[in-house]
Amino acid sequence: MLEINNLKATIGTTEILRGLSLSVKAGEVHAIMGPNGSGKSTLAQVIAGHADYEVTDGTVTYKGSNLLELEPEERAREGIFLSFQYPVEIAGVNNAYLLKASMNAKRKHQGLEEIDAFEFLKLAKEKMALLGMDPKFLNRGVNEGFSGGEKKRNEILQMAMLEPSLAILDETDSGLDIDALRAVAEGVNSLRTPERAIILVTHYQRLLDYIEPDFVHVLSEGRIVRSGDKSLALQLEEKGYDWVREAATG
Amino acid sequence: MSTDPDNIDSIVNRRYEHGFVTDIATDTMPPGLDENVVRAISARKKEPEFLLEWRLRAYRQWREMQEPDWAHVHYPPIDFEAISYYAAPKSDDERPKSLEEVDPKLLETYDKLGIPLHERARLAGVAVDAVFDSVSVATTFKERLSEAGVIFCPFSEAVTNHPELVQKYLGSVVPQRDNFYAALNSAVFSEGSFVYIPKGVRCPMELSTYFRINAANTGQFERTLIIADEGSHVSYLEGCTAPMRDENQLHAAVVELVALKDAEIKYSTVQNWYPGDENGVGGIYNFVTKRGDCRGANSKISWTQVETGSAITWKYPSCLLRGDNSVGEFYSVAVANNYQQADTGTKMIHIGRNTSSTIVSKGISAGNAQNAYRGLVRVMPQADGARNHTQCDSLLIGKNCGAHTFPYMEIKNPGARVEHEATTSKISADQLFYCRQRGISEEDAVNMIVNGFCKEVFKELPMEFAVEAQALLNVSLEGAVG
Amino acid sequence: MKSRHFSMDALGDAIARLPDDRLTAIRNAAFAHLREHGLPTKRDEDWKYTDLAPLVDIGNQWLDLGDDVTPQADSSDVSDPIQKSIDADWLLISNGQVDANSIAALAQDGVTVELLSKHDSTANFSAPLTDLNSALLRDGLRITVDANHSIKRPIGILVVDIAATAASLSQIRADVIVGANSTLDLIEYHASSGEGEHYANSVINLTLEDNARANWVRIQDRDRAHNQTGRTAVTLGRDSQFHHCAFDFGGRLIRNDLAVDIAEPGSAAVFDGLYLAGEDQHIDNHTRVDHRVGPATSQQEYRGVLTANARCVWNGKAIVHEGADGTDAEQANHNLLLSDKAEIDAKPELEIYTDDVKCSHGTTVGQLDETSLFYLRTRGIDIVGAKQILTTAFAQTIVSKLPVESPRESLAELVSARLSRMLEAVVK
């Protein structure tokens, strides 16, 4: 589904990704781990198409086509979903409105009819119940005045509604208490299907207790320095990131 | 994190949709203003002596007055001698009795503006008093209104048929020498609307007037007078649009509202006059005096406006809260894009006891525009129990625009509670990227955020206007972000 | 009929009587500028609510007397208690005359205090009242804190005017420079006494170099019949921090201008103020902050309590210039209006010319909360006491923000004494 080959990306004059390669197939869950500043979030932003990052080398192929040519909204309509590390607040725009506009943009792209208002509401309430969210959230401003946990749940709600092919969860576990983490993880697990790929970007192993990855990659200084199965995460937890850094340089 | 700034300046700049000039020969006076011109205007309109004298007094006062320079706007000096002070369509001599008699070219004009008069007016249940240049050419729904005893007619008709009302109320809210432009208007106004709602009557429909400016070099000086007698209620809608042209056009209207005991007037405006092109060439100068007088106890006047047009706007719809328990409201969205300059706001003068006022002002600046809110809340010593709440928010789009707030609070009564809040925010690149990641185009994202920012004001507009206003806002801001 | 203008010829004569020294050049330049431009009137937007005519009148009376500047008088009755109650190294300016002994007595490492006339000055025509100050200036203070130095004890500038003649005028001036990475705590105290009419005009120029910090407390407690205009102009260096806290208790007509110029990034300015105005008092506070670059922050909170026929003006202006990205400016002004005849004119202004900003202002005018008053009365506290408790709490918010410790106790006393006198009058 996603083929990244020797990807290099810079922000301003600083090179952050320095030749990163990664292959993700439908149905797989990949965890990308690494210390702060290793380029984890950059990778997520580059896949989503953030304009601050310039791709200087390498290729990214998504569903067989060149992803880098697409605008951010085109990528979204093609099924790429990014759960933001810091979800943005948009005062005055209500949550339901954004969600519906987003779903309809995608449906239009797929040549489908706009979603019926009643159907939308029913679906939203269903998904919210699953995530333990109060339906009142729909009528509040997008992330406006939400707590950290509420924002993250809101991201997962959007993901559940938009049913992406490739979901990238950027530090979705940060700032969550254990109950919120469990609810979010359940939400994510319910979306695991053979057609969908998920990339978890995380600093801590904790999330992986709840969402079991098929592959774990360790990122250091803009490159994947080690890949393995979920046991790699446990090893990391035990030995710390210095172990990887040594491994990378040694 | 930011979206490419070059991109932010590059979304399509849709041209002004209503830009065209109707090709009708007009009967226009030569440019310049002296007493003879004032007399000629009055004579052409076959006005009674009192009105001529009233105009002449205004003219003499205007001559003594200075053009104001305190607003936060800049423009080349206006040559008042280069303006023609009267223009009327040729067909004035034979006023059309029905829509069939109206010059088809005029109707075509309305169609281009998206105002199919005959259909739309009926469908919406709205009586339309369309001002084309300075003389009214069509009035509908007269019967239904007259059954209710409501007088809704062109100003000149009111002068002929109801001189006692005109004489009693004209200038009683905005005196001739109130300000430079009000004095000018008082001297040379040629047309406008007159509304009188009798005691205890709830006006059976929304009243609406579409003002337009058409003849080249013709300043437009409407005069609107609305009187709501005791216990009556009226909602008045005013919408404007103008043809595209290069030279600046001066517009100096005066609107006077009088609400007697227990009466309520709701006055809504969508203003979309030609703002000038992307480089700031052309556009209307809109120097308007709008004031409502809550003369009786428990009366209420509510101004709602959506201002997207004009090169320069200078406008402060105000309320004199004289009656005890009277209520004044001001809800405003002012958009300034490209090189537009807006200096708008309101004045709430608390005079009676237990009066209250609400001000909600939403200013949006984009491009190279300057948008200023200027407001006054004055609580007089005798105004016990006065209440005011002001919310004044600015939204900035782009690096080169300006947003300014100049609120004055003059409080002379210890029983007053006055609160003023203001915020400034921008549409951030983070917000746009977030929306785009959710599959929403940048343009739609901007519209969504802007409409969210303005919704407190939109909900005050009559339904059909709210939809129109939203669409208008989206068109006005195209090219601002991208 | 009172004149709105100084009699310029008499003013010229008074200036000519001042000693010929290194200030002569700026006196003459400022006089020429003043002669050409005059003083502002109520037609000027910044002077809409405050009329300088009564002060010009005092000035003209003083010029008519033809005295050789303002006469000297013994000010120790007023100054001693203040110096005793607030811990600081005090510099004394009395009737516009700098006390050389107080300069000599100040011996703090890294701090240099001199007479202004020791150096050449350049005239600054930014404000009309600064012209007046420069033109009639006998001498002023120049205080320099060396780089990399934190002062050990606050420096005090004590201004005491004794109005012994029918009318008198005094000019106060201090130029203060805080070197890079240094900290200054300063207390500026204005007091006066005497039967005559008096008008004092002060100018403070404060420069903070890179990463410097100044904590400044201004206390004005003049005789209720005396008048003052004052302008404090502050220039902030990179990453510098400025905290100004101003208190106005006394005076008849008081006008304060605080102008903060942010021309280097990283700086933070906080300015707070409290004005307590009763019978016949007119207290006008104008603040202006120019954000020329970002990131930088400014926050201000002014509070006022008004009784009797007091009139107060608060005008806070924040200008965010083109390119000042990352500016965060906040303004707040809260007023308690406790009498029928009191008036407050508040004007929080924002002028913003760039989009990467966060600006807000909030202004309220109101009264004491009836429920709280009732609650206190049900607990046996009389109405005066209850009002005193609530207004003190309202005012205390500003006292609690004091950036310099030593005047805290004195200020708390001043606030509570002033408020109880104001409130007694209200209840009567």
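The rules we used
Residues numbered from 1 in each chain as written. Chains lettered and ligands numbered in written order. Predicted model: local features only at pLDDT ≥ 70, side-chain atom pairs only at ≥ 80, totals over all residues. Heavy atoms only, no water. Contact = heavy atoms within 4.5 Å. Buried area = accessible area lost by both parts, 1.4 Å probe. Salt bridge = Lys/Arg side-chain N within 4 Å of Asp/Glu carboxyl O. Polar contact = N/O pair within 3.5 Å; in protein donor to acceptor, adjacent residues only side chain to side chain. Helix = DSSP H or I, 4+ residues; strand = E, 2+ residues; numbered from the N terminus. Nonpolar A, V, L, I, M, F, W, Y, C, P; charged D, E, K, R; others polar. Core = buried A, V, L, I, M, F, W, Y, C linked by side-chain atoms within 4.5 Å. Buried < 20%, exposed > 50% of the residue type's maximum accessible area, 1.4 Å probe, protein only. Pairing = 2+ DSSP bridges. 1 Å grid on protein atoms, 1.4 Å probe; cavity = no way out; pocket = protein on both sides within 12 Å on 5 of 7 lines; lining within 4 Å. Points joined across faces, edges and corners; volume = space filled by probe spheres on them. Phe/Tyr/Trp six-rings, centres within 6.5 Å; stacked < 30°, edge-to-face > 60°. Lys NZ or Arg CZ within 6 Å of the ring centre and 35° of its normal. Axes fitted to C-alpha atoms, helices over the stretch in contact; angles between N-to-C directions. pLDDT = per-residue confidence, 0-100. Patch = residues over 30% accessible without salt bridge, like charges linked within 9 Å, V, L, I, M, F, W, Y side chains within 5 Å. Areas by Shrake-Rupley, 256 points an atom, 1.4 Å probe, with all protein chains shown as cover. Lys, Arg positive; Asp, Glu negative; His and termini not counted. Charge placed at Lys NZ, Arg CZ, Asp CG, Glu CD.

As for the interface of chain A and chain B
(1) Moving on: Of the residues lining the interface, 32 residues belong to chain A; the matching set on chain B comes to 20 residues.
(2) Moving on: Both sides of the chain A and chain B interface together cover about 2,200 Å² of buried area, and 61% of this is carbon and sulfur.
(3) Moving on: Scanning the region where chain A abuts chain B turns up three salt bridges.
(4) Moving on: In this structure, the salt-bridge partner of Glu 73 of chain A is Arg 436 of chain B, at a minimum N-O distance of 2.5 Å.
(5) Moving on: The interface formed by chain A and chain B includes 13 residue pairs in polar contact (both at pLDDT 80 or more).
(6) Moving on: For the side of chain A that touches chain B, the elements supplying multiple residues, two or more each, are helix H1 (40–48), helix H2 (72–77), strand S6 (80–83), strand S7 (90–94), helix H3 (95–109) and helix H5 (148–162) of chain A.
(7) Moving on: When its residues are assigned to classes, the side of chain A that touches chain B shows 18 nonpolar, eight polar and six charged.

Overview of the nonpolar core
(1) Moving on: By size, the foremost hydrophobic cluster in this structure holds 101 residues, and its most contacted members are Phe 242 and Val 260 of chain C.
(2) Moving on: In this structure Phe 242 of chain C touches Leu 206, Leu 208, Ala 214, Trp 216, Val 234, Leu 236, Val 260, Ala 268, Ala 269 and Val 270 of chain C, once residues within four positions along its chain are discounted.
(3) Moving on: Among the nonpolar cores identified, the runner-up in size contains 65 residues, and Ala 9, Val 93, Leu 166 and Ile 199 of chain A belong to it.

Some details on the interface of chain C and chain B
(1) Moving on: The interface is formed by 36 residues belonging to chain C together with 31 residues belonging to chain B.
(2) Moving on: Taken together, the two surfaces of chain C and chain B that pack against each other cover about 2,800 Å², and 45% of this comes from carbon and sulfur.
(3) Moving on: Counting across the chain C and chain B interface gives four salt bridges.
(4) Moving on: Residue Lys 399 of chain B is joined to Asp 355 of chain C by a salt bridge in which the shortest nitrogen-to-oxygen separation is 2.5 Å.

Comments concerning the pairing of strand S6 (residues 193–197) of chain B
All names here are of chain B.
(1) Moving on: Of all the five residues making up S6, five are buried; the element is thus mostly covered by neighbouring parts of the structure.
(2) Moving on: Both faces of S6 are covered, namely the face carrying Ser 193, Val 195 and Ile 197 and the face carrying Phe 194 and Tyr 196.
(3) Moving on: With four bridges joining them, strand S5 (residues 151–154) and S6 adopt antiparallel strand pairing. Across the sheet, residue Phe 152 finds its bridge partner in S6, namely Val 195.
(4) Moving on: Sheet topology places S6 next to strand S8 (residues 223–228); four bridges connect them, and they run parallel. Note on S8: the bridge partner recorded for Tyr 196 is Ile 227.

Details of the layout of surface pockets
(1) Moving on: Quantified by volume, the largest pocket comes out at close to 1,100 Å³.
(2) Moving on: For the lining of the largest pocket, the secondary structure elements donating two or more residues are strand S13 (284–294), strand S18 (341–350), strand S20 (370–379) and strand S22 (402–411) of chain B together with strand S18 (343–352) of chain C.
(3) Moving on: Partitioned by chemical class, the residues of the lining of the largest pocket number 10 nonpolar, seven polar and 18 charged.

Quick word on the packing of aromatic side chains
Geometrically, a pair of aromatic rings is defined through the distance of the ring centres and the angle of the planes.
(1) Moving on: Overall, the coordinates contain 23 aromatic pairs over all chains when judged by the stated rule.
(2) Moving on: Their ring planes at 75 degrees and their centres at 6.0 Å tell us that Phe 287 of chain B and Trp 314 of chain B sit as a pair that is edge-to-face. Here the residue Phe 287 of chain B occupies a position in strand S13, and Trp 314 of chain B occupies one in strand S15 (residues 312–315), the gap between them amounting to 27 residues.
(3) Moving on: The exposure class of Phe 287 of chain B is buried, given its relative accessible area of 1%.
(4) Moving on: A relative accessible area of 6% means that Trp 314 of chain B is categorised as buried.
(5) Moving on: Relative to Tyr 316 of chain B, the ring of Trp 314 of chain B lies with its centre 5.7 Å away and its plane at 75 degrees, an arrangement referred to as edge-to-face. Here Trp 314 of chain B and Tyr 316 of chain B have matching classes, each one buried.
(6) Moving on: Every member of this aromatic cluster is reached through a ring pair, and the members are Tyr 59, Trp 62, Tyr 75, Phe 80, Phe 180, Tyr 181, Tyr 285, Phe 287, Trp 314 and Tyr 316 of chain B.
(7) Moving on: Between Arg 223 of chain B and the ring centre of Phe 189 of chain B, over which it is positioned, the NZ or CZ distance is 5.8 Å.
(8) Moving on: Between the NZ or CZ atom of Arg 255 of chain C and the centre of the ring of Trp 47 of chain C, over which it lies, the distance is 3.7 Å.

With respect to the sheet that holds S6 of chain A
Residues and elements named next belong to chain A.
(1) Moving on: Taken in spatial order, the six strands make up an open sheet running S6-S9-S10-S3-S11-S12, and their pairing is mixed. Of all strands in the sheet, those bounded by a partner on one side alone are S6 and strand S12 (223–228). Mean inter-strand twist for the sheet, computed between neighbouring axes without regard to direction, equals 20 degrees.
(2) Moving on: Most of the contacts of H5 go to S6, to which it runs at about 170 degrees, and overall it touches S6 and strand S9 (166–170).

Digging into the confidence of the model for chain B
All names here are of chain B.
(1) Moving on: In the predicted model, chain B carries a mean pLDDT of 79, and 77% of its residues have values of at least 70.
(2) Moving on: Considering only residues more than four positions removed or in separate chains, one finds that residues 115–139, a stretch of pLDDT under 50, has 102 contacts.
(3) Moving on: Counting contacts from residues 241–246, a segment whose pLDDT is below 50, to residues more than four positions away or on other chains yields 39 contacts.

Quick notes on the pattern of salt bridges
(1) Moving on: Counted by the stated rule, this structure contains 57 salt bridges over all chains.
(2) Moving on: With a shortest N-O distance of 3.3 Å, Lys 399 of chain B and Asp 325 of chain C are connected by a salt bridge. Of the two residues, Lys 399 of chain B is situated in the loop between strand S21 (387–397) and S22 and Asp 325 of chain C in the loop between strand S16 (311–320) and strand S17 (327–337); the pairing between them involves two chains.
(3) Moving on: Among the residues examined, Asp 325 of chain C registers a relative accessible area of 25% and is labelled partly exposed.

A short note on a negative patch on the surface
All names here are of chain C.
(1) Moving on: Judged by side-chain charge, Glu 209, Asp 210, Asp 239 and Glu 264 come together as a negatively charged surface patch.
(2) Moving on: Tracing the backbone shows Glu 209 in the loop between strand S8 (197–208) and strand S9 (213–221).
(3) Moving on: On the basis of relative accessibility, which here comes to 37%, the residue Glu 209 falls in the partly exposed class.

Topic: helix H6 (residues 128–136) of chain C
Residue and element names in this part refer to chain C.
(1) Moving on: Within H6, eight of the nine residues are buried, which leaves it mostly tucked inside the rest of the structure.
(2) Moving on: By the burial criterion, the buried members of H6 are Leu 129, Thr 130, Asp 131, Leu 132, Asn 133, Ser 134, Ala 135 and Leu 136.
(3) Moving on: Residues of H6 that are buried in the fold lie against helix H1 (8–16), helix H2 (24–37), helix H3 (53–65), strand S6 (167–178), S8 and strand S10 (227–236).

Describing the environment of Leu 106 of chain C
Residues and elements named next belong to chain C.
(1) Moving on: Position of Leu 106 among the secondary structure elements: in the loop between helix H5 (100–105) and strand S3 (111–115).
(2) Moving on: In this structure, the C-alpha to C-alpha distance between Leu 106 and Gly 294, residues 188 residues apart in sequence, is 38 Å.
(3) Moving on: Those residues in contact with Leu 106, other than ones at most four positions away along the chain, are Asp 89, Leu 91, Val 111, Val 113 and Ile 155.

What about the sheet that holds strand S1 (residues 2–11) of chain A?
In sheet architecture, strand pairing relies on hydrogen bonds along the backbone and comes in two forms, parallel and antiparallel.
All names here are of chain A.
(1) Moving on: Pairing is antiparallel across the open sheet formed by four strands, whose spatial order is S2-S1-S4-S5. The open sheet has two free edges, formed respectively by strand S2 (14–24) and strand S5 (65–66), since each of these has just one partner strand.
(2) Moving on: Across eight bridges, S1 lies against S2 in antiparallel orientation. For Ile 11, the partnering residue across the bridge sits in S2 and is Thr 14.
(3) Moving on: Sheet contacts for H1: S1, S2 and strand S4 (53–62); angle to S1, the most-contacted strand, approximately 105 degrees.

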